[in-house]
Structures are given as C-alpha cells and as structure tokens.
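Fold and contact review
As a plain string of letters, each chain reads:
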Amino acid sequence: MELLMKMPDLATTDSAIKLIRWLVEPGQAVKRGQPLVEIETDKATSEVESIATGVLKQVRALPDDMVFAGQVIAVFEVAGASPGSTQAASQTSIPSPSAKPSAVTPAPLPSQSGGLFARNRAAAVQQAIVKTPAAALSPTQRTVGRRMQASKQTIPHFYLQASANAERMILRRKAAAPKKLVWDAMFVCAVGNALKKFERICWRFEEDELVASETDAVGVAVDVQGDLYVVAIAAPRSKTAEQISDEIRAGVERLEAGDPEARAIRPANLTITNLGAANVESFAAIINPPETAILAIGKIAPAAVVQEGQVVIQNRVSLTLSVDHRIVNGKYAADFLSAIVREVEVF
Amino acid sequence: MIDSIAEIAADRLAGYERDFLCSLYERMALIREFEERVKFLFLEGAMPGTIHQCQGQEATAVGVCAALNADDWITSTFRGHGHALSKGLTPQELLDELFGARTGCCKGKGGSMHVGNMEKGMVPGIAIVAGGIPLAAGMALAFKMQKSSQVVACFFGDGAVAEGAFHEGVNMAALWRLPAIFVCENNLYGASTHISKVMKNTRVSDRAASYGFRGETVDGNDVLAVYEATRRAADECRFGNGPVLLELLTYRRTGHSRRDPCSYQAKDERERWFSRDPLDRFAAVLRQRGDVAQADLDQLKARIETQINEAVEKAQRAPLPQGADLLTDIFAGAGKEERKR
C-alpha cells in the first residue's frame, strides 16, 4: 500500500524549507529512521529521517524546491502493518478531519501538521461551541486584509491633503470623445509626470535602508465584484491618456473574467484610488506595500473659489496623499503633491 | 570525559535480584521506545510543536528514580519525558498531555515541556534553565521543617550550572543541610554549546566542595552506578547530611529539540558515546548473568511496543480541554493532604 510522507514542521518560523538533495533514490528500499532527504531551514541544514520502511516510490519535490511543512514530499510503497507506519498510512486514507464520528467508527485522526489545531476546530464545530455566525473571506479579501493590516501596523503613515482645479481635465475628457477617457487614466498621467522629479517616492524601505525600485509603473485600485485589485500601468510617461484608458479598461475586463494572471500582485511605484464616482469628497487610503505612497482621489465637484478677488465657480478635485514617513519627510511629500496638482491643472 | 567510562563489570550485578535488574532495563527500554515513537509522530506531522527528547540519557532518570521512595519528589526540566516515566507516570497520561488532551497528566495545559504529576511526586517540568534548583531547595526546607524523611531529587543539565539560580539554590541548601539531591545530567551540551565553552572547570561535581557539601561524578550511562550513587545520596540526606551533588556523565543522541539537527556533535564523539549506550551496555551484562536471555529482552521490547502503540492510538482520540477548563487549576491545590490520599 502507498504511504505519503509530508515535510515535517522543522522550520522555527512558518517559512519554507529548502530541499537540498535526496539521500535515497526512487526505487530504492528504505528503512524507518534512515536519513531520507537533506533540507535547509532558516537556521541550519539537516537530514530528515524516513517515516516508513518500504520502497521509495516517488519524490514530490526536487533539489532547490522550497517546500512548506505539511506538503507531501515522498510516496512510499509499504507492506503490511509494521508498528507506526500503520497509523501514518491510515491517515492518508481518511478523507477529511471534519468527517463526523459515528458510534462504531472512531473519530478521524488529525490529518497533518497543525493537526492539533485542526482537531480543536473540528471539535468546536461538533460541539457547537461557536455560535456566532461567520462568513468566509474570499481568498483575495484574505490577502488584501493581511497586506493592509501589515501596512497599517508597520508603515508610519502621514497624510497630506490638497485640491486641484479639474476644469482642464474635464475639457480634455470631452476632447477625447466619442470614446470616453477613464478619469483614472488622466490621474495616472499626472502622477507619472510628477514622479519624474521625485524619484525618492520610487524607493523602497528594506531592512533599514532604501532600495531603488526597478519598476516604473503606476497602479490603479479597482473593485471587481467586491474584491480589490490593482491594475498596474507600466511606463506611464511613454503613453497617451487614451492608451492608458484602454489599458485600464482591458485590465478590468480581464479581472472580471477571472484571469489569474491579471489577479496576481504586480508591483508599482504608487497606487491611485478613486472613490469620486461613489460621491466621496475626500478620503485617506492605506499604502499598498512595498510602495511609498498612495493617492486618494475624491469627487470632482463645482466649488466656490476666490480668484483675483472674485468668487468664481470651478470644478475641483480633492487629492489626499498617504506617505511612508520612513522614506520621505513632510516637505518632500508636500512638494510631490504640489507637482501632482500642477500636472492635473495643466492637463 | 568518555575515557572515564569503563565497561560495567558483570559481577557488580551479583547482589541484585533478577526482577529488579529487569525492571531497570524495562524502564529504560520504555523511555527509549516512547521517545522514538514521539519522534516519528513529529516527523509524520501528527504531533504539533517542538519536543525535547532524552534518547541516550535513560539511565540517569531510571537510576535516580529507582533509588527514591514513592513519597520522595523530583523536579524536572523541559527534557522531562524520561524523568516522568521513571517516577511512575504512565505512557498514556504523558502521550495524552503531549497531544493536549484533558486526560493528560496536566490536563492538556502543560504539554511536552511541563509534564508532571503531583500525586506521583513529580512537580510539572520547570522549563527555565536552573529554575528548579531554588525550588527544590524550598521543597527540601519544607521536608526538614516538617521533620519528614522525604528527599527531593532535582534534575538539571550542565547548562544550568553557570546560572545564578544554581548558586542561590545550592548555597542555601548547603547552609541549612537540606535533604536535596542535585542531579546534574551532564550531557556535554547546553543546547548547542559545548560545556568547555562556558566553564573553565568542567567537572561539575567539584562545585559541591566550594559550598561545603559532597559531590560525586558518576557514569551516567550505567544505570546501576546511578542507582547506587543515588541510594547513598538519599541515605545521607535522610540522616541530615544533605545536600549531595551528583554529576551524571551522559550523552544526548538527538538534537536539543526536534528542530535541532545536532550538527555540532562531532561524528567521532557521537560514535564513542553511542558505543556506551545505556541500554546496550546494560543488556550485555544482563545476558552475561545467565538468567536473562536475549529472547526475554526481545519479548520485553515487543510488549513495550504494543503498549506504546495502544497508548498513541488512544491519545490521538482523547478528549480535548473545553472552554470551561480555562477557569480550573488556576490556584494551587495539591498540598500535603492531597498527596497523602
């Protein structure tokens, strides 16, 4: 019968374990306790012993592969019921740790590393200790939640707010008819141009030093059926507003179609997020790591402005820049925000 | 250090009953099998957390505890599985504890590093290095004040000797002539650090003289030598001539913890110590005696294997603590009265 061996929980952290080399070749006989594979953790290299006596049938990970604890690394062909191996073998044939125990069949065993906790959860469900209703997070929402939490907990944010005259943008959008420009495309252009003279915004904070980013992209946050994604526009300064607009539209379509490649996290130098269409006047956003800043764009709306001693009606937009204080200080960020305002106003 | 370890002379066994000698071997074999099963449970992913194991050190735990009375006490460390099995805890209550079950010896609240059972004279393991030494002095002070004939054997490793708590506990015990046996399991390594890197005089038993009491270095891989030395020490303590420091020379066959590959132990050093394995050596002299055959030992081993297999099966299905268990065992309750039940 077949017996699966999973990578034991040998890392002191939850980090991946590197497979160095197999000490037994597939097809060779192996004994329980015999060194089977050499691995490397954060701390040290070590030999992992075989859990089975039998023949190593197949390896599921190769040298240099990064493997997590609990991942199947080897398949053995074992005979009969030798002590120990029976128990491990029976684990592989049990469908799921949450299967309900009956009066005749014993409760299933925990299926893998962290089994104790899986077992606690299963027990909690069975005994209905947990009574509060719970909703599962989508995988994307889990990732976004984790990243945002890490961002808020580790990045010292500060916020600068300004507003810009949006009249030129409105004119530019009309001029582009019949194919309407996506508003965000124009903001991507403005931010891309402003970044030219503020390269420190493109640096990244890594272990107490600043590292220059290798990407040249501005991200656009988009909400697709309740999930948050970023469409990254590469080299925005080399593109027209029309090209960028098409790119954003295409990106959103791919996300809606569930294209996994479009859903992957792609680094940008700065992300823009726009809730203007949702009638928000202004808001402050959470930085999308490892970026230095995020620009939150509010609703474009007519406002009374004093111009040369006269009150005039003018369409304006609120811009709020959230900035990582480890990378830039207030004055630098303020100059950067002013540059964005200028770019918006000369559009 | 290994050079001072000679073969066990078979004639030393002459004065002992066969059953007693077999029980020493059986207890060591039980510890070895227990630890090996736990190792594989970890490798199979069935047991979470890290574990500190004592393969190779079975003779120290068994020899010391065999020389104690049932109402004597021990204190232990994070490497306490062997001490517990030697003091009469069952493999079932230990495995249940390792699996976090409420049927465990500490109701699933202690885990591998804190096994113990107050009813059986073992304070749950004290995982702070040297932390048990002042505590044992306090227990011994209680025995003395109560005019009881009990003694406490306090297990610690060589890594504890250079800790401040060692000095504080041992000094007071010496001053008040307390009935404490300080048992240093000198396995040469404090985690991954060799003893020669942390002390100039690596003969731990020498420390006793500076405090004004008796110290002795013993072959810790000879269960009978450990037993005899502990008997002598316990007698001295009961007659008001304590404390005693026993340095038991031994060797750990596994890493400090399950995640420690043990690469700091030199290959030739390992081989030399492995050739002095406490089980193999004792089995050899038992066979020489004539009334114990290899078949008897094999049978014994098979019996232990079955016992452990059954205990593992049961432990994996043992009930887990409930929310309400959070509110129990918060305040001390296991006093003298409770122990005398």
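Residues numbered from 1 in each chain as written. Chains lettered and ligands numbered in written order. Predicted model: local features only at pLDDT ≥ 70, side-chain atom pairs only at ≥ 80, totals over all residues. Heavy atoms only, no water.

**Points about the sheet that holds strand 1 (residues 73-75) of chain B**
Residues and elements named next belong to chain B. Read from one edge to the other, the open sheet built from five strands follows the order 1-2-3-7-6, with strand pairing classed as parallel. Of all strands in the sheet, those bounded by a partner on one side alone are strand 1 and strand 6 (214-219). Averaged over all adjacent pairs, the angle separating strand axes in this sheet is 20 degrees, with direction ignored. Strand direction decides the pairing type here: strand 6 and strand 7 (residues 244-249), joined by six bridges, are parallel. Bridging from a neighbouring strand, Thr-217 pairs with Glu-247 of strand 7. (Pairing = 2+ DSSP bridges. Helix = DSSP H or I, 4+ residues; strand = E, 2+ residues; numbered from the N terminus. Axes fitted to C-alpha atoms, helices over the stretch in contact; angles between N-to-C directions.)

**Quick notes on the packing of aromatic side chains**
If you walk through the whole model with that rule in mind, you get ten aromatic pairs over all chains. Ring geometry for B:Phe156 and B:Phe166: centres 5.8 Å apart, planes at 70 degrees, overall edge-to-face. On the criterion of sequence distance, the pair formed by B:Phe156 in strand 2 (residues 152-157) and B:Phe166 in helix 6 (residues 164-175) is long-range, its members being ten residues apart. The interplanar angle of 70 degrees and the centroid separation of 6.3 Å between the aromatic rings of B:Phe166 and B:Tyr211 together place this pair among those described as edge-to-face. Taken as a pair, B:Phe166 in helix 6 and B:Tyr211 in helix 7 (residues 206-211) lie far apart in primary sequence, 45 residues in all. Summarising the burial analysis for this pair, B:Phe166 and B:Tyr211 share the class buried. Through pairs of rings, three or more aromatic residues link up here, namely B:Phe156, B:Phe166, B:Tyr211 and B:Phe213. The ring of B:Phe40 has A:Arg32 sitting right over it, with the charged end atom 3.8 Å from the ring centre. Directly above the ring of B:Phe274 sits B:Arg253, whose terminal nitrogen or CZ lies 3.9 Å from the centroid. (Phe/Tyr/Trp six-rings, centres within 6.5 Å; stacked < 30°, edge-to-face > 60°. Buried < 20%, exposed > 50% of the residue type's maximum accessible area, 1.4 Å probe, protein only. Lys NZ or Arg CZ within 6 Å of the ring centre and 35° of its normal.)

**So, unusual backbone geometry**
Residue A:Pro290 is bonded to the preceding A:Pro289 through a cis peptide linkage, with omega at 5 degrees. With respect to the secondary-structure elements, A:Pro290 resides in the loop between strand 14 (270-274) and strand 15 (293-297). Following B:Gly242, the chain continues into B:Pro243 via a peptide bond in cis, with omega recorded as -10 degrees. Here B:Pro243 shows up in the loop between helix 8 (223-238) and strand 7. Phi angles above zero are rare outside glycine, and A:Asp64 is one such case at about 80 degrees.

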